[in-house]
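Chains, contacts and geometry: an overview
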Amino acid sequence: MVRHDAIVIGAGLNGLVAAASLARGGLDVLVLDRAAAAGGLSAEYEIVPGFRVPRYTLGSGGLPARIVAGLDLPRHGLRFVRAEGGVSFFPDGAYHAAYRDGVVHRREIARFSRRDADAWTRYRRDMLRAARGLAPLLGGPVRAPVKGFFAGLRARLDLADRIAAIAPEDLADMVRFSTLPLSEFLDSYFESPVVKAHLASAALMRGTLGPSTPTGAFRLVVPWLAETGDAMGGAPETLLPYGGPAALTGALLAVIAAHGGQVRMEAEVTDILMKDRKVRGVVLANGEEIGAGAILSSLDVKRSFLSLFQWRDLPEGLVERVGRVRMKGVTAKVNLALDGLPDFPSLPHGCPSLAGGFRLAGYIPQMERTFSDWRHRIPPRDPLVEVLIPSLHDATLAPAGKQVLSALVQFVPDALHEGAWSGERRDALGDLVIARLAEVSPGIEKLVLAREVLLPNDLEGEIGLTGGDIAYGETTLDQMFMNRPFPGMGSAETPLGNFYLCSPSAHPGPLVPGGAGANAAAHLLERRKGGR
Amino acid sequence: MAWGGKKYDAIVIGGGHNGLVAAAYLGRAHRRVLVVEARDHLGGAATTGEISPGYHASSVAHLLEAFPRRIERELKLGRHGLRYAARDVPTIALDRDGRHLLLPRSRKEFAAFSARLPKDAAAYRAYLARLQAFAALLAPLFAERPPKSGDAEALQRLLRRIVWRAELSGGRTMRRLMRMLPESIGDLLDADFESPLLKGVLAFDATLGGGEGPYAPGTAFRAICREAMRMQGQGARLPVGGMGAVVDALAAAVSAQRGEIRVGARVARIIIEDGAVAGVELEDGSAIRAPLVVSSAGPRATMLDLLGAPRLETGPVTQLRSPVPRGAVAKVNLALEGRPEFTGLAPELYGARLIVSPSLEELDHASAVFRQGGFASDPVMEIIVPSIADATLAPQGHHVVSILVHYTPYEIEQGWQSRREVFVQRVVRALEHYAPGIGDIMVAGEILTPPDIENKYGLAGGDWHQGDIRLDRLFGFRPAASFGRYGTSVPGLYLCGAGSHPGGGVTGLPGLLAVETIIEEMPAGKTRQRNEEEPA
């Protein structure tokens, strides 16, 4: 039986980050994936020949600087486009653009409220402070629970002391962030419905909380996590990999290859071999067995435990705990091939913010209704849509003069209260999104050459993601940090020897792209260094 | 000018139970106290009202769940006339098909419970044990003053104490508690239980009083808080004569300490001289002087209306303005010329706390309708027939029914004026299902929507918790970070109502803890001295 130091299951972003880190750390790594092309969720595909978009993800977002630098990705050809922060369009014709430059951004807000323009400075300061506060938590592994009575007690008393030492205003802010609904949090800064809806819609995307759900304020900080805080004073920038997510995948594959790692596509792992509660290898669909010193799974937590193992091999209670992890589909993807550049007459000509994408937002009460529909498993009547036109800044993605449009539709239930997602309903969702687009870009419907609508259960069927949940497990606070993927695990190390979870089901979840992969690799490398 | 020529050491604004507790404790500390109440009767939300001649019921709050023995003993409320008609009132989940579920209090009741729900029995025992362990951890915090904002040493002492206590109940307690803080009660119950009825009643208790549905994050923590508050009391009790009896006993306690009470005296503003409190001015223009003013009115009303926003810094004003308190409970009181007959319920249990909350789905649905400004067609509610245990409430053989209707919005589509009838009909129709024929023996009734509760009993927004139970509005953050310890930015002005720690419910704790703060910060000599310096 061939043996590798480490096998990574799944060639998505986190799997490749983990594999690249391990390869650079000197390990002999093999990546296995059942798909034909690497990339996982953000694998690129052609809607029709010549029009390329990421199939399941929007296509924006980068990797944290520490991972980019740590893997030396720029040397392997990775570049990022730094775009402005995006635009929100409203049904009544209003729009709100976000700018990195503080003066420009405040002037934009002042169109709606002078008071809000002043409040922006306070809001930005508080967001950056919160993001900085979260950085140590998100930037590395959660510390494993300390074992032993006295050590545990000491750790908890230390924590109590650290909390007591926090300045009272900061403590109040922390509590507000982790308990308030985001609408109430925004109310304490802003008065303009436009300004509030612009910020709320960005925070609601990809989450399972509504505008008035407690603890939702926490998500407002997400766009600020990657912000370096260089003193522009405006909205956080949007990072776009040049060449799309495929370029990111390509650079990671190049690192793996450069350090002697191997990637095998169309190699589905069906079973994991165990001995004495430790994993020792994998079995492929064709019956081939491959040995491994360690196995890292970038599948979601349910697939990782419930479909790769014989349940009788798992420690008692694990199946139940994994079963309780909440995974719910919340987004659909609509991909369009366009015959030309759509026009946005309400925007000033050449508005640079468009490059960062746009949202069809609606005001907060509308988002609340849409959220409520989703909770009751009704197809969205008024969806929240986030759109990126990646061909705007990368001409290679579409034939000359043509464009591709990538849209993420928020609050699409994975299963319906009545009936099922039939072909008709799928078409209706596509029609609805195009109709909404046509409200801000009249005539766009005539530019559509081809379209594809991918529902949560398509994600589940095509790539095996449970529930079609692109967050790999709900990101509510009871499933984050030390409770991710479930209480008692709380790190990349699993209860099974030499088996690691490197998907966003593990800490830090989807909040830090590639973070889970980097964490798992760091754990394994440290273990080996420790000679255990 | 001192009113009536008398001089007072302290004025208490508001004659609700917290105001009276504060006044009685100030009297115990040898302060001459005057209580001024705007309405013509005492009690605030803790009163007994007459539904129609001869029929009495607790107007708003209807069960004593967290009233501390300490207050009862120290203020000698028993000697002042407080008696109980029922102690340890049981809770029963009413079932649509008549298979009602008694939440067990004894070994015998637990055996019956296990026989009925064999799969859930062990889980229920574990759930209660966990809830009680967490609540026991927090309960002491509800019985004492939160540490002063900025006092890192006091906060450290407090947190270290929690850690030690958690350690004694097992090393994993702390971690489990941390997980439960942001969890929803619905998710938690779904993971452990099968019976929809059991889940429904447990989630009812965790959500009552707030507008959040059972699947809203933070509702599991509400269950812990509620349990911790219950631990302050002596079990669910019904006072003889309804809630008004508690207030009568408290008023007697105030008088026994030579305190004075004036009803029908509405305060127009708090008088400030040289940056400190000097007394209050009533709406009739008269002024009453005292170096100490303790307000049991809502924090917003006290600080923004009676004191005035210009006297405050912007930060505290913003904190007080949002969120606007909004009640989510309506009260329905009915007078019956006969005894209601509940299908499937043993008559000895007619005096129990009866909960209509058949499942998490229905509770969730009711909250969803509530959030859109409506009320559910099948109301979720808490029913008590207090006259079963307390014959003083209604004529011989007659009864009164007291109902809390959960998830009733303050503002309603089409307005309460036009929807009132429908609301009552739905409540009565739901009652008819469990007690057929109850409509035929109904002789009178009253309904108090959240706006009614606001107007009639002076609770802002009709919110009887005066600010929901949320982590950002508890302890030192209640009612707002700047007023987290009863004192305010104005020397001599204190808050002592449900808006202050530990919050709503008939507990008297905010009143008691406010006085503890006052005694510490303004020793008796100080208030006396300043009083005597004034010209006669």
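Rules of the game
For every chain, the first residue of the written sequence is number 1, and numbering continues from 1 onward in sequence order. Key to labels: chains lettered from A, ligands numbered from 1, both in the order written. Local features in this predicted model are restricted to residues of pLDDT 70 or higher, and side-chain atom pairs are both shown and tallied only at a pLDDT of 80 or more, whereas totals for entire chains, interfaces and linings draw on every residue. Values shown for side chains rest on all heavy atoms present in the structure; no hydrogens or waters enter the calculation. Classification of residues uses two cut-offs on accessible area relative to the type maximum, computed with a 1.4 Å probe and protein chains only: under 20% is buried, over 50% is exposed, and between them is partly exposed. The numbering of helices and of strands both runs from the N terminus, where a helix is a DSSP run of H or I of at least 4 residues and a strand a run of E of at least 2. Note: two strands are recorded as paired if DSSP finds a minimum of 2 bridges between them. Domain delimitation follows an automatic or database domain assignment. Residues count as neighbours in contact if any of their non-hydrogen atoms are within 4.5 Å of one another. Put simply, buried area is how much 1.4 Å-probe accessible surface two parts lose in total, over both of them, once they are put together. A pair is scored as a salt bridge if a Lys or Arg side-chain nitrogen falls within 4 Å of a carboxyl oxygen belonging to Asp or Glu. Throughout, the ten residues Ala, Val, Leu, Ile, Met, Phe, Trp, Tyr, Cys and Pro are labelled nonpolar, Asp, Glu, Lys and Arg are labelled charged, and all others, Gly among them, are labelled polar. Polar contacts, as counted here, are pairs of nitrogen or oxygen atoms within 3.5 Å of one another; within protein the pair requires one atom able to donate a hydrogen and one able to accept it, and residues that are adjacent in sequence qualify only if both atoms are side-chain atoms. The residues that make up patches have over 30% relative accessible area and no salt bridge, and they are joined within 9 Å when like-charged or within 5 Å when they are Val, Leu, Ile, Met, Phe, Trp or Tyr. Computed with the Shrake-Rupley method and a 1.4 Å probe, the accessible areas treat only the protein chains shown as cover for residues. Neither His nor the chain ends is counted toward charge; the positive residues are Lys and Arg and the negative residues Asp and Glu. For charged residues, the charge sits on one atom: NZ in Lys, CZ in Arg, CG in Asp, CD in Glu. Convention adopted: a line fitted to C-alpha atoms gives each axis, helices being fitted over their contacting stretch, and angles between N-to-C directions are expressed from 0 to 180 degrees.

Some points on the pairing of strand β13 (residues 331-338) of chain A
Residues and elements named next belong to chain A. Counting buried residues in β13 gives eight out of eight residues, a clear majority hidden from the surface. Across the two faces of β13 the burial is the same, with Thr-331, Lys-333, Asn-335 and Ala-337 and Ala-332, Val-334, Leu-336 and Leu-338 all buried. Relative to strand β16 (residues 403-410), β13 runs antiparallel, the two being bridged by eight bridges. Following the sheet pairing, Asn-335 is matched in β16 by Ser-406.

A short note on the domain arrangement of chain B
Much of the literature gives interface size as the accessible area that the parts lose upon coming together. Residue and element names in this part refer to chain B. Split by domain assignment, chain B resolves into domain 1 (3-46 + 65-83 + 241-324 + 461-533) and domain 2 (124-230). Relative placement of domain 1 and domain 2: their C-alpha centres are 29 Å apart. With 23 residues of domain 1 in contact, the opposing surface of domain 2 contributes 19 residues. Taken over both partners, the interface formed by domain 1 and domain 2 buries close to 1800 Å², and the fraction arising from carbon and sulfur atoms is 60%. Applying the counting criterion to the domain 1 and domain 2 interface returns four salt bridges. Put simply, Glu-65 and Arg-226 hold a salt bridge, and the shortest N to O gap is 3.1 Å. Classifying every residue of the side of domain 1 that touches domain 2 by side-chain character gives 10 nonpolar, seven polar and six charged.

Quick notes on the interface of chain B and chain A
Counting residues at the interface gives 33 residues for chain B, matched by 34 residues for chain A. For the pair chain B and chain A, the summed buried surface comes to about 3100 Å²; carbon and sulfur atoms form 62% of the total. Area buried by chain B at its contact with chain A is led by Glu167(B), Arg179(B) and Pro217(B), which between them contribute 19% of it. For the pair chain B and chain A, the interface holds five salt bridges. Close ionic contact of Asp364(B) with Arg375(A) constitutes a salt bridge, the shortest N to O distance being 2.7 Å. Summed over the shared surface of chain B and chain A, the number is eight residue pairs in polar contact (both at pLDDT 80 or more). When residues in the side of chain B that touches chain A are grouped by element, the largest group, eight residues, is from helix α5 (residues 152-168) of chain B.

Details of a positive patch on the surface
Positive charge collects at one region of the surface, where Arg321(A), Arg172(B), Arg175(B) and Arg176(B) lie side by side. Among the secondary structure elements, Arg175(B) is positioned in helix α6 (residues 173-180). Arg175(B) sits in the partly exposed class, given a relative accessible area of 35%.

What to know about the sheet that holds β13(A)
All names here are of chain A. Strand order across the open sheet formed by seven strands is β7-β6-β14-β15-β16-β13-β17, with mixed pairing between neighbours. Each having just a single partner strand, β7 (95-98) and β17 (448-454) make up the two edges of the open sheet. Neighbour-to-neighbour, the strand axes of the sheet open up by a mean angle of 20°, direction not taken into account. Against the sheet, helix α13 (residues 423-440) engages β6 (86-89), β13, β14 (358-360), β15 (384-388), β16 and β17, with an angle of about 125° to β17.

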